[in-house]
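Breakdown of the fold
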Amino acid sequence: MSFLNGQNMTGGYGKGPDILHDCTVAVDKGEIAVIVGPNGAGKSTAMKAVFGMLNVHSGVVTLDGEDITKLSPQARVQKGMGFVPQTSNIFTSMTVEENLEMGAFIRTDDFSDTMAQVYDLFPILKDKRHQHAGELSGGQRQQVAVGRALMTQPKVLMLDEPTAGVSPIVMDELFDRIIEVSRTGIPILMVEQNARQALEIADKGYVLVQGANAYTGTGKELLADPEVRKSFLGG
Ligand SMILES: Nc1ncnc2c1ncn2[C@@H]1O[C@H](COP(=O)(O)OP(=O)(O)OP(=O)(O)O)[C@@H](O)[C@H]1O
Ligand SMILES: [Mg+2]
């Protein structure tokens, strides 16, 4: 069993139709796992299901061997999950530093060391720590969002499109930082629109189509699969 496991998840929003159909995503220690697929495939929905924001009426979510299927998102954070959603992932009217402090909301201990680690990882945030997050560039905002999630010292990090809307150079930089985080021992489960680049750094990849697993393999395997290339990677 993987460290974080969303296994055979079926469910949708409220009383609406099922969006996920027997969908499985997982990540192990030391790994980066990447979810790709077309717009509307259910990638964000799968992330929300793993984080406890969805009615999953069948399937199981486990973290480090423990069944957490019934836990609230807040309780999952307490258990060690960090989640950066696709949208509204920072407080724009607060400063960078206040965003990081908000990230540490569950902590009662001194979190100044963690903040220093976040500033080491993203030095630009230290320079801009007293600026409103809303004044930052897209790539810098994403750094705030990831930094905020790191403030709880998560055991696993989930990122929904961390490179959305940034230039290729900034994307490469963000991927380098994400690899750096994974090397500190935090497994990463992320959704990416930049499928090819993301699969290049992925230990494990999932292609989702219409809420179901279409292809699963190592990043290398998926990049080499002619069907995956033709349908999802532009040939
Ligand atoms: N809050 C919601 N309430 C009801 N339906 C929703 C909600 N959010 C998403 N959906 C529906 O769920 C389906 C999957 O959406 P989802 O956001 O998971 O796709 P995605 O793969 O993340 O797409 P994108 O690449 O555009 O981010 C879509 O049909 C969408 O309309
Ligand atoms: Mg999405």
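Everything below is about the structure shown above.
Below: a short report on this structure. Here the structure is a predicted model, which means the values were calculated and not measured.

Reading the values: the criteria
- For every chain, the first residue of the written sequence is number 1, and numbering continues from 1 along that sequence.
- Each chain is given a letter, starting from A, and each ligand a number, starting from 1, according to the order in which they appear as written.
- Selection of residues for local features in this predicted model requires a pLDDT of at least 70, selection of side-chain atom pairs for listing and counting requires 80 or more, and totals for whole chains, interfaces and linings are taken over all residues.
- To get the side-chain values, all heavy atoms of the structure are used, and hydrogens and water are removed first.
- Put simply, a residue is near a molecule or strand once any heavy atom of it comes within 4 Å of that molecule or strand.
- Nitrogen and oxygen atoms within 3.5 Å of one another constitute a polar contact, given that in protein one can donate a hydrogen and the other can accept it, and given that sequence-neighbouring residues count only through two side-chain atoms.
- Where accessible areas are quoted, they stem from the Shrake-Rupley method and a 1.4 Å probe; at the residue level, only the protein chains shown are allowed to cover.
- In this description, a donor is an N, O or S atom within 2.8 Å of the metal centre, a cutoff extended to 3.2 Å for sodium, potassium and calcium. Water is not part of the atom list, which can make sites seem incomplete.
- Helix and strand labels come from DSSP, where a helix needs a run of H or I of at least four residues and a strand needs a run of E of at least two; each type is numbered from the N terminus.
- Between buried and exposed lies partly exposed: a residue is buried under 20% and exposed over 50% of the maximum accessible area for its type, with that area taken using a 1.4 Å probe on protein chains only.
- All axes are obtained by fitting lines to C-alpha atoms, using only the stretch in contact for helices, and the reported angles, taken between N-to-C directions, cover 0 to 180 degrees.
- If an angle is under 35 degrees, it is roughly parallel; if it is over 145, roughly antiparallel; if it lies from 65 to 115, roughly perpendicular; otherwise it is oblique.
- By definition, any crossing whose near helix is turned counterclockwise from its far helix by less than a right angle is left-handed, and any crossing with a clockwise turn is right-handed.
- Only heavy atoms matter for contacts: two residues are in contact if any of them lie within 4.5 Å across the pair.
- Throughout, the ten residues Ala, Val, Leu, Ile, Met, Phe, Trp, Tyr, Cys and Pro are labelled nonpolar, Asp, Glu, Lys and Arg are labelled charged, and all others, Gly among them, are labelled polar.
- Counted as salt bridges are all cases of a side-chain nitrogen of Lys or Arg within 4 Å of a carboxyl oxygen of Asp or Glu.
- What makes a nonpolar core is a set of buried Ala, Val, Leu, Ile, Met, Phe, Trp, Tyr and Cys residues whose side-chain atoms join them at distances within 4.5 Å.

On to the site of ligand 1. In the region of ligand 1, 14 residues are neighbours, and Asn-39, Gly-40, Lys-43, Ser-44 and Thr-45 sit closest. In the environment of ligand 1, an oxygen atom lies 2.9 Å from a nitrogen or oxygen atom belonging to the backbone of Gly-40. Ser-44 is positioned with one of its side-chain polar atoms (N or O) 2.8 Å from an oxygen atom of ligand 1. Protein coverage of the free-state accessible area of ligand 1, which is 640 Å², stands at 59%.

For the rest of this paragraph, the subject is the coordination of the magnesium ion (ligand 2). In the first shell of the magnesium ion (ligand 2), the protein supplies Ser-44 (OG) and Gln-86 (OE1), at 2.0 to 2.2 Å from the metal. Taken as a pair, Ser-44 in helix 1 (residues 43–51) and Gln-86 in the loop between strand 6 (81–84) and helix 3 (96–103) lie far apart in primary sequence, 42 residues in all. By relative accessible area, Ser-44 is classed as buried at 17%.

As a further point, take the packing of helix 3 against helix 4 (residues 112–121). Between helix 3 and helix 4, the least distance of the axes is 11 Å, while the angle of their chain directions is 130 degrees. What the angle tells us is that helix 3 and helix 4 run oblique. Taken as a pair, helix 3 and helix 4 cross one another with a handedness that is right-handed. In this structure, helix 3 uses Glu-97, Leu-100 and Glu-101 to contact helix 4, whose residues at the interface are Met-115, Val-118 and Tyr-119. Class assignment of the residues belonging to the contact of helix 3 with helix 4 gives a composition of four nonpolar, no polar and two charged.

Next up on the list: the pattern of salt bridges. For the coordinates displayed, the defined rule picks out four salt bridges. Glu-31 serves as the salt-bridge partner of Lys-204, at 3.0 Å between the closest nitrogen and oxygen. Of this pair, Lys-204 sits in strand 9 (residues 204–209) while Glu-31 is found in the loop between strand 2 (18–27) and strand 3 (32–36), placing the two residues 173 residues apart along the sequence. For the pair Lys-204 and Glu-31, one class covers both residues: buried. Measuring nitrogen to oxygen at the nearest pair gives 3.0 Å for the salt bridge that ties Arg-177 to Glu-180. Of this pair, Arg-177 and Glu-180 both sit in helix 7 (residues 168–183), three residues apart, which is roughly one turn of the helix.

On to the side chain of Thr-69. Its place among the elements puts Thr-69 in the loop between strand 5 (66–67) and helix 2 (73–79). Here the side chain of Thr-69 touches Val-61 through a polar contact of 3.0 Å, landing on its backbone nitrogen. A polar side-chain atom of Thr-69 sits 2.5 Å from a polar atom in the side chain of Asp-67.

Within the secondary structure layout, Arg-107 lies in the loop between helix 3 and helix 4. As a C-alpha pair, Arg-107 and Gln-153 span 46 residues in sequence and 9.4 Å in three-dimensional space. Beyond its immediate chain neighbours, meaning those up to four positions away, Arg-107 contacts Thr-114, Met-151, Thr-152 and Gln-153. Here the side chain of Arg-107 touches Met-151 through a polar contact of 3.0 Å, landing on its backbone oxygen.

Attention now goes to the nonpolar core. Ile-32, Val-34, Leu-150, Leu-157, Leu-159, Ile-188 and Met-190 are the most contacted members of the largest nonpolar core, which totals 44 residues. Take this core: its biggest share by element is six residues, from helix 7. When neighbours within four sequence positions are excluded, Leu-159 is seen to be in contact with Met-47, Val-84, Val-146, Ile-178, Ile-188, Leu-189, Met-190 and Val-191.

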